[in-house]
Amino acid sequence: MIKQVCCIGAGYVGGPTMSVFADKCKDINFNVVDVNADRIAAWNSKDLSKLPIFEPGLDEIVKRCRGKNLTFSTEVHKCISEADIIFISVNTPTKTKGIGAGKASDLKWVESCARQISEHARGYTIVVEKSTLPVRTGEVIKDILDSSQSSLNSKKKNSFDILSNPEFLAEGTAIDDLENPDRILIGGSNENAIKVLHDLYKRWVSEEKIIHTNLWSSELAKLTANAFLAQRLSSINSISALCEVTGADVREVSRAIGKDRRIGSKFLNVGPGFGGSCFKKDILNLVYLANHFGLPEVADFWESVVYLNSWNQDRLTRIILEKLFGTLTEKKIGILGFSFKANTNDTRESPAIQICKNLLNEGAFLKIHDPKVSQKQIALDLGIPSIEECLNEENLNKKNKDKKWEKSLLRNDFFENLDAVVVLTEWSIYSDIDWGKVSKKMRSPGWVFDTRLIVDEEKVINSGLCFWRVGVGTLKRN
Ligand code: NAD
Ligand code: UGA
C-alpha cells in the first residue's frame, strides 16, 4: 500500500503535478521538497496569488489540499526516508561548460538526487524519473543506487526499482493537461513497480491512455515528442516568412493544410519563435545523443529546427529596423508581452528576451508590459540592473487603483511618444486594445508589429497606424 510520496523539485512540473496527484488521491500524502527555501516559502504563502507559479486553476487545488495531504518543505532527507515512491522532478538544463557544453543535459541535479536517495531511502522504494532525461539516464541512477548498497550488510540493504514517467504538460494549461492527459507513459522493466504507478494514475485516467514501454523508449519518447512539436513550429514559421514576400497569408495556408487529418490543425500558430525552458534544450540534447551514437545526419536535421527558430527572432528585429527607417537610436518602442506564451509568468527562453536585447542593441528605448512578469525578472533576463518602464497588473493597479489595464496604461502614458508597439505574447487583453486612442498618443508614423496575429486588424487600420503582421506582411493603408 502506497502511503507516502515524495517529489524532489518544487518547480513548474513538481508543484502542479503533485497538487493534482494530491487532489485525486486523498488517502496518500504527497510531500514536495526543494533546496530552494524561498520557493518553498512561496508555495506555503497564505496569499494564494503569491504561489511561485502562475497556472490557471492551481491556486484552487492548493487551497483544497495543502496542509491536508499536500506539503511543501525543505526537509529533503526526512521526506525521502519516509517515501514509498520518489519522483525526481529537478531541472535538467543544457550543460554550459565541459564536454557536450551547449547541447548535452547537465545531470548534476539528477545525480545529486540519486545520491540523496541512496543515502536516505529506507526499505523498498520506487524511484520515478519525472524530469526529462537523455536516453539511458535510468542506468546512471541505478548504478548510483546499487553501488551505495553494496557496502551495507544484508539487513541494512535497501532496494529500488526505477521507472520513467515523463511529463507532457504545457505551461498555462498545466492543470487541464494533468487532469485530462492525452496519455500517461510509464517505462520500466519491473511489472510490480509499473503496476503501482499505473494504479495511482488509474484513479482518474482511463486505462487505455496509460502506455507501458521499456525504460529507454519512454526516455526517448519524451525528447522526441518535444522535438516533433518544435519542428512543426519551425516549419510553419519558415513558411510565414515566405508568405510575407509572396502575398500568401499564413493563416489561410495553416487552415488549408490543417484540414488534412494526417497533418492536423494544432501547433500551426505562427509567432516570434518557440520559447520555454524545454524545446531548445531537449532538441539540443537529441542532437548531442545522435552525434554521440555516430549519427551526424540525424543530429544536423534536428539542429536545423533550433537554427530556424533563432533566425526567426533576428528576422523580426530586422523587419522592425527596416520599417523604422533603418535606425532605432533613441526611438521609443512599447513591448506588449514578455512571457514565452500567454497564461504563464515563465520567461525562460522567451523570444521576447532575444528580440528586446536586439532592439536595445540598436539603441532603442523600450517600455515593456506583461500582466504577470515582474520588473525584476525582466531586468534579470535582459542583463540590466533595473527597468523603470516595465509595467504589470500588480504595479499598474497599485498606482491607479484601476483594474482596467488599458486605461491604466494610457493613464500612465505608456504609449506616449512611442514610435512602435510590438506584440510578442498572445495575452488575450492585447486583442482588445483601442488603437484609436493609442494612436493619438504615439509619434507619427506609428507602427504596430503583431508577431502573434491577435491584434484587431480593423481597429489598427482605422486608427491610421501602420501595421505589420507576421506571416502576412505590411497592411497598406488606402
Ligand atoms: P524548475 O527549475 O522549475 O524546478 C526544478 C526545482 O528542482 C528547482 O526549484 C530546484 O531548486 C530543485 N532542485 C534541484 N536539485 C535539487 C535537489 N537535489 N534537491 C531538491 N531540490 C532540487 O524545473 P521544471 O520546469 O519544473 O522542470 C523540471 C523537469 O521537468 C525538467 O527536466 C524539464 O525538462 C521537465 N519538464 C518541464 C516542463 C515545463 O513545462 N516546465 C514540462 C515537462 C517536463
Ligand atoms: C511544451 C510541450 O507542449 C509540452 O508537451 C511539454 O511537456 C513541455 O514543452 C516541456 O517538456 O517542457 P510548453 O513549452 O509549456 O510545453 O508550451 P507550448 O504550448 O508547447 O509552447 C511552446 C512555445 O511554442 C511557446 O513559445 C509558444 O508560444 C510557441 N507556440 C506554440 C507557437 O508559437 N505556436 C503554436 O501553435 C504553439
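Provided above is the structure to which this section pertains.
On a predicted model such as this, the values are computed, not experimentally measured, just so you know. (Residues numbered from 1 in each chain as written. Chains lettered and ligands numbered in written order. Predicted model: local features only at pLDDT ≥ 70, side-chain atom pairs only at ≥ 80, totals over all residues. Heavy atoms only, no water.)

1. Topic: the site of ligand 1
Logical step 1: As a matter of local geometry, ligand 1 sits amid 27 residues, with Val 13, Asp 34, Arg 39, Thr 92 and Lys 281 nearest to it.
Logical step 2: Val 13 is positioned with one of its backbone polar atoms (N or O) 2.9 Å from an oxygen atom of ligand 1.
Logical step 3: Expressed as a share of its isolated accessible area of 830 Å², the protein-covered part of ligand 1 is 92%.
Logical step 4: Among the elements that make up the shell around ligand 1, the one with the highest residue count is helix H5 (residues 108-120) (four residues).
Logical step 5: Its residues assigned to classes, the shell around ligand 1 comprises nine nonpolar, 11 polar and seven charged.
Logical step 6: Mapping the shell around ligand 1 onto the domain boundaries places at least three of its residues in each of domain 1 (4-213) and domain 2 (214-478). (Near = heavy atom within 4 Å. Polar contact = N/O pair within 3.5 Å; in protein donor to acceptor, adjacent residues only side chain to side chain. Areas by Shrake-Rupley, 256 points an atom, 1.4 Å probe, with all protein chains shown as cover. Helix = DSSP H or I, 4+ residues; strand = E, 2+ residues; numbered from the N terminus. Nonpolar A, V, L, I, M, F, W, Y, C, P; charged D, E, K, R; others polar. Domains from an automatic or database assignment.)

2. Focus: the nonpolar core
Logical step 1: Judged by nonpolar contacts, the single largest core of 42 residues is most densely connected at Met 18, Phe 21, Phe 30, Phe 87 and Tyr 201.
Logical step 2: Sorting elements by how many residues they give to this core places helix H8 (residues 191-202) first, with five residues.
Logical step 3: Once residues within four sequence positions are removed from consideration, Phe 87 is found in contact with Val 5, Cys 6, Cys 7, Ile 8, Met 18, Phe 21, Val 128, Lys 130, Asn 165 and Leu 197.
Logical step 4: Residues Val 270, Leu 366, Leu 382 and Leu 424 belong to the second largest nonpolar core, which totals 35 residues. (Core = buried A, V, L, I, M, F, W, Y, C linked by side-chain atoms within 4.5 Å. Buried < 20%, exposed > 50% of the residue type's maximum accessible area, 1.4 Å probe, protein only. Contact = heavy atoms within 4.5 Å.)

3. Focus on the packing of helix H12 (residues 296-323) against helix H13 (residues 351-361)
Logical step 1: Relative to each other, H12 and H13 sit at 40 degrees, their axes nearing to 9 Å. Between H12 and H13, the angle falls in the class oblique. In the crossing of H12 with H13, the sense of the turn from one axis to the other is right-handed. For the pair formed by H12 and H13, the contact residues are Gln 313, Asp 314, Leu 316, Thr 317 and Ile 320 on the first element and Pro 351, Gln 354, Ile 355, Asn 358 and Leu 359 on the second.
Logical step 2: Classifying every residue of the contact of H12 with H13 by side-chain character gives five nonpolar, four polar and one charged. (Axes fitted to C-alpha atoms, helices over the stretch in contact; angles between N-to-C directions. Parallel < 35°, antiparallel > 145°, perpendicular 65-115°, else oblique. Left-handed = near helix turned anticlockwise from the far one by under 90°.)

4. So, the site of ligand 2
Logical step 1: Surveying the vicinity of ligand 2 reveals 19 residues, the closest of which are Phe 168, Leu 169, Glu 171, Asn 269 and Cys 278.
Logical step 2: In the environment of ligand 2, an oxygen atom lies 2.7 Å from a nitrogen or oxygen atom belonging to the backbone of Glu 171.
Logical step 3: Against a free-state accessible area of 690 Å², the protein chains account for coverage of 90% of ligand 2.
Logical step 4: The dominant element in the shell around ligand 2, judged by the number of residues it contributes, is helix H9 (residues 215-246), at four residues.
Logical step 5: Class assignment of the residues belonging to the shell around ligand 2 gives a composition of 11 nonpolar, three polar and five charged.
Logical step 6: Here the shell around ligand 2 spans two domains, and each of domain 1 (4-213) and domain 2 (214-478) adds at least three residues to it.

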